[in-house]
Amino acid sequence: MLKYGRSLSTKLLNICIASMCKAQQLMKSETVIIDGIRLGVLPDVFTYNTLIDAYCRFVSIDAGYSVLHRMKKAGIAPDVISYNSLIAGAARKCLLSRALDLFEEMLQSGIRPDVWSFNILMHCLFKLGKPDEANRIFQDVILSSVDPCPTAFNIVINGLCKSGYTSNALMLFRNLQKHGFVPQLYTYNILLNGLCKAGKLRAARGILVELRDSGHQPDAITYTTVMKYCFRYRQFHRGLEILSEMRSEGYTFDGFAYCTVIAALIKIGMIKEAEEIIEQMQRSGIEPDVVAYNTLINLYCKQGRVGDALKLLDEIEKSGLESDAYTHTIIIDGLCKAGDIEGARRHLNYMNTLGFGFNLVAINCLIDALGKEGQIDQALKLFESMEVKDAFTYTILVHNLCKARRFLTASKLLMSCLKCGFKTLRVTQRAVLDGLRDSGYTNEARKLQSKIRLARFIH
DNA sequence: TTAGGGTTAG
């Protein structure tokens, strides 16, 4: 500690603590604080707030909360930032009731919430799929004396997009503009992503033009967003054009951009090109995170190198990173595609032991593999046992039933899929209809056809 | 303190 000298002030102490907390060196921070006190430099509310935030991020809310007690004991009154840090910690982990309790405790302590307190709560509610409650808070903020900041608008516009209310988001955006709100590049990016995701490409194009006209320069996020959706909507040429425009504009590729491009190339079967970009990513010195690893594992699986994919999983676990649900579903799909159903089942069990809950994607892969291996009854059994299904589950099974020439069962399944309101692919519908007609089930084909028309009309 | 882009199955 002596290396900091005797001129150490609280301000300098806070700078040290902030950088150590950022580097997750919490024990070291504590030692520095103790040394500081010995030298007569007392921590202040800023010091404790930095610690609360770090403990909430890297340890637990309880650990953050105990810092709150410590500061009170030291005679320093917590402020709105102390509580916001705790509420944000709870919100990050989606612990809504804990966040609300902390909010209540803040009010009880006579601390007035600020716009950030509301922002954090709104974001948490949107994340938990409670857009109505988030919206209620937003209305309260608008009507109250709390001055909303651009971030509040960004959170609501983003939340509405993520909850599927893209039109409402666009409407809010326009209304805010009428009342003098000048959208930030951040706002444009949120809206652009929301509109593209919802397939509203015309509106997205309009927003992109508006973004440029308003004097903003598209940034790496704008480019990555547009590029991703070009690939998704199979405009590969345009996607690659944007890729080179992004480069010529001088944007350095980050992990997000690399993974977007690599995943798109893998998906369209341009494996060699994907390999080249992966090599570029590895050479660029970007520290791979779990998504980058997942992208690489996906490439190995698509090349049939499941063994190498498993080795990479080992590497993730040894490097201190945590694998996620994507990692394991990619591997399960890889095993399935390699025909190793038992291996896939074993990996699914392993996934469970790691604490991952039910995973629809993994089960869907397993159903497909069972069908492809000629175990269609096993696939049906698995299907029946599922409490949650989606459009993929139905489509996968319907295709496999068609391949097994069990068109009546396929037809029934397709009808219940339509009844659930899931969208089905034209190619799936055609496979069943053609199969029914070829097998002489013309009545059933007619019935299915009218259900398909009805579904198209309703949805 | 908070908010935007990346990875999986038909």
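Here, the structure is the one placed above.
If you're wondering where the values come from, they're calculated on a predicted model, not measured in any experiment. (Residues numbered from 1 in each chain as written. Chains lettered and ligands numbered in written order. Predicted model: local features only at pLDDT ≥ 70, side-chain atom pairs only at ≥ 80, totals over all residues. Heavy atoms only, no water.)

1. Brief notes about helix 23 (residues 391-403)
Across its 13 residues, helix 23 extends 18 Å between first and last C-alpha, which sits within 8% of the 18 Å expected from 1.5 Å per residue. A large share of helix 23 lies buried, amounting to 10 of its 13 residues. Of all the residues in helix 23, the buried ones are A391, T393, Y394, T395, I396, L397, V398, N400, L401 and C402. Check the buried side of helix 23 and you find it contacts helix 21 (360-372), helix 22 (376-385), helix 24 (407-419) and helix 25 (426-438). Among the residues of helix 23, the N-terminal cap falls to D390, whose side-chain oxygen and the backbone nitrogen of F392 are separated by 3.1 Å. (Helix = DSSP H or I, 4+ residues; strand = E, 2+ residues; numbered from the N terminus. Expected span 1.5 Å × (residues − 1). Buried < 20%, exposed > 50% of the residue type's maximum accessible area, 1.4 Å probe, protein only. Contact = heavy atoms within 4.5 Å. Polar contact = N/O pair within 3.5 Å; in protein donor to acceptor, adjacent residues only side chain to side chain.)

2. Concerning the pattern of salt bridges
Under the definition given, this model contains 15 salt bridges. Across the pair R70 and E30 runs a salt bridge, and its minimum N-O distance is 2.8 Å. Of this pair, R70 sits in helix 4 (residues 61-73) while E30 sits in helix 2 (residues 26-38), and the two are 40 residues apart along the sequence. According to the relative accessible area criterion, R70 is partly exposed, its value standing at 34%. For E30, a relative accessible area of 14% corresponds to the buried category. For K311, the salt bridge goes to D308, with nearest N and O atoms at 3.7 Å. With K311 and D308 both in helix 18 (residues 306-319) and 3 residues apart, the pair spans about one turn of that helix. Relative accessible area serves as the criterion here: at 59%, K311 is assigned to the exposed category. In this structure, a network of salt bridges that share partners links the residues R305, D308 and K311. (Salt bridge = Lys/Arg side-chain N within 4 Å of Asp/Glu carboxyl O.)

Any functional reading would require information beyond the geometric quantities listed.
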